[in-house]
Every structure is written in structure tokens, then in C-alpha cells.
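In case you want the letters, here they are:
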Amino acid sequence: MAIPGWIEDRWLTKRPNPETGKRERTKLWGKCLRYRVCGIPGVRKRSFETKDEAKTWLNDTIAAIRKKNFVDEREGEVLLGDYITQEWWPKQDYDELTALTMERKIFKHIVNTALGRTPMYVIDDDHLLEWKKELKARGLGDGSIVVIWTHLSTVFKSAVGKRIAKNPC
């Protein structure tokens, strides 16, 4: 099965002028990135400065799609705290007491921290270690940190395949 996709030159017309035999400049000449990868179902178009960059991205993307692990990193640009408050938390359905306890911990110790103000796709081991140090500095015990870590891991797990490629926890 071939995966569709092509590279479009946005600065020159697709077909040459019949009179001159040359491709002509478009209205976009010099105003945007020149090459755009198009035509991959479920993948937003993406522009590049050079054709080589576009080819590399197209080939890498097709390989990732075939392995079923492609996630457009632009989807992960959302801040972790925004993802939790706008997408993840509204979909949760817990009994009232559990929801109240979880909400307090998640919003106080994840959303309202430096980690919560970080784009999801950049969060890695270093960010998580720094965040854990921050929680310890606030006086939280190991048991509380484990519970909050579990909540954080659940949030990331829900974003895998949609916003991020893998769970950093």
C-alpha cells in the first residue's frame, strides 16, 4: 500500500507557460517557505525552506505512519496545564469525592507549576526530575508524590498518539 504525499513548490507554477516554456512565479514568491508537503491523509500540511528538508520530513513521516507511531509535534506544542484543563480534565468521570481530591492535587501540583507551563512535546526526564524536586521542596511526602506522579502519567498516557509520541513518565 502506497502512502500518498507530495512536495509542492509554492513559488513557481506547476506547469510551464506554453509561450516561454518556463514556470512562472506565483503570488507567494519570496513571501513564505517555498516547499510544502501535502496529501498525506490525517497529517497537516507542512512547509520547508529547502526541498531536501521537505523530502527528509516526508520520508520520515511516511516511515512513522507505516510503523503507526506518527504524531505531528505541532500537536504537542500545547502547554501541559492547558491540555489538562481544556482537554483531559473535562472528559474525566469520577465520583464527586474522588474528583475533588484529584482535582486539588492535579491543579495545585501539576497545572500550577513550571511543568504545567511547559509544552508537552518538550517534557523529558530532566523536566520531570526538576518537577519532583519542586514537589519535595513544597514539603510533600513520597506517598503523595507517587499519587501525583500516577495522575501525571495517566494524563500523558491519554495524549500518546494524539499530542505526543510517548509517555515521558
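An account of the accompanying structure is given in this report. (Residues numbered from 1 in each chain as written. Predicted model: local features only at pLDDT ≥ 70, side-chain atom pairs only at ≥ 80, totals over all residues. Heavy atoms only, no water.)

**Section: the overall build of the protein**
Helices and strands together make up the secondary structure of the protein, namely 5 helices and 3 strands. Ordered by position from N to C terminus, the α and β elements of the protein give β-β-β-α-α-α-α-α. What you see for the protein is a C-alpha radius of gyration of 22 Å, clearly larger than the 15 Å of a compact globule of 169 residues, by over 25%. Out of the 169 residues in the protein, the part that is buried amounts to 35%. Counting only contacts in the protein whose residues sit at least 6 apart along the sequence, the fraction spanning at least 24 positions is 51%. Of the roughly 11000 Å² of accessible surface on the protein, a fraction of 52% belongs to carbon and sulfur atoms. (Helix = DSSP H or I, 4+ residues; strand = E, 2+ residues; numbered from the N terminus. Rg over C-alpha atoms; globule rule 2.2 N^0.38 Å. Buried < 20%, exposed > 50% of the residue type's maximum accessible area, 1.4 Å probe, protein only. Contact = heavy atoms within 4.5 Å. Areas by Shrake-Rupley, 256 points an atom, 1.4 Å probe, with all protein chains shown as cover.)

**Here we look at the pairing of strand E2 (residues 35-38)**
On a regular strand, each side chain points to the face opposite its neighbour's, so the side chains alternate between the two faces of the sheet. Pairing geometry for strand E1 (residues 6-9) and E2, over 4 bridges, is antiparallel. In the sheet register, Asp9 faces E2, and the bridge partner there is Tyr35. Pairing of E2 with strand E3 (residues 46-48) involves 3 bridges; the strand directions are antiparallel. Within E3, the residue paired with Arg36 across the bridge is Ser47. (Pairing = 2+ DSSP bridges.)

**Focus: the sheet that holds E1**
The 3 strands lie next to each other as E1-E2-E3, forming an open sheet whose pairing is antiparallel. The sheet is open, and its two edges are formed by E1 and E3, each paired on a single side. In this sheet, neighbouring strand axes are inclined to one another by 30° on average, regardless of whether the strands run parallel or antiparallel. Of the strands in this sheet, E1, E2 and E3 touch helix H1 (residues 51-66), which is tilted by about 20° from E2. (Axes fitted to C-alpha atoms, helices over the stretch in contact; angles between N-to-C directions.)

**Quick look at the packing of helix H2 (residues 80-88) against helix H3 (residues 96-111)**
Packing of H2 against H3 leaves a shortest axis separation of 10 Å and a crossing angle of 155°. In terms of their interaxial angle, H2 and H3 are classed as roughly antiparallel. Viewed along their axes, H2 and H3 form a crossing whose handedness is left-handed. Taken together, the residues of H3 that come into contact with H2 (itself represented by Leu80, Gly81, Ile84, Thr85 and Trp88) are Met102, Ile106, Phe107, Ile110 and Val111. For the contact of H2 with H3, the class distribution of residues is 8 nonpolar, 2 polar and no charged. (Parallel < 35°, antiparallel > 145°, perpendicular 65-115°, else oblique. Left-handed = near helix turned anticlockwise from the far one by under 90°. Nonpolar A, V, L, I, M, F, W, Y, C, P; charged D, E, K, R; others polar.)

**A short note on the packing of aromatic side chains**
Per the counting criterion, the structure on display carries 5 aromatic pairs. Ring centres of Phe48 and Trp57 lie 5.7 Å apart, and the angle between their planes is 45°; this geometry places the pair in the tilted category. Owing to a relative accessible area of 11%, Phe48 belongs among the buried residues under this scheme. The buried category is assigned to Trp57, whose relative accessible area is 11%. Residues Trp89 and Phe107 carry aromatic rings whose centres are separated by 6.2 Å and whose planes lie at 80° to one another, so their mutual orientation is edge-to-face. Here the residue Trp89 occupies a position in the loop between H2 and H3, and Phe107 occupies one in helix H3, the gap between them amounting to 18 residues. (Phe/Tyr/Trp six-rings, centres within 6.5 Å; stacked < 30°, edge-to-face > 60°.)

**Considering the pattern of salt bridges**
If you walk through the whole model with that rule in mind, you get 6 salt bridges. Put simply, Asp9 and Arg23 hold a salt bridge, and the shortest N to O gap is 3.7 Å. On the criterion of sequence distance, the pair formed by Asp9 in strand E1 and Arg23 in the loop between E1 and E2 is long-range, its members being 14 residues apart. One salt bridge connects Asp9 with Arg34, and the closest N-O pair in it is separated by 2.9 Å. Here the residue Asp9 occupies a position in strand E1, and Arg34 occupies one in the loop between E1 and E2, the gap between them amounting to 25 residues. Pair check on accessibility: Asp9 and Arg34 agree, each one buried. (Salt bridge = Lys/Arg side-chain N within 4 Å of Asp/Glu carboxyl O.)

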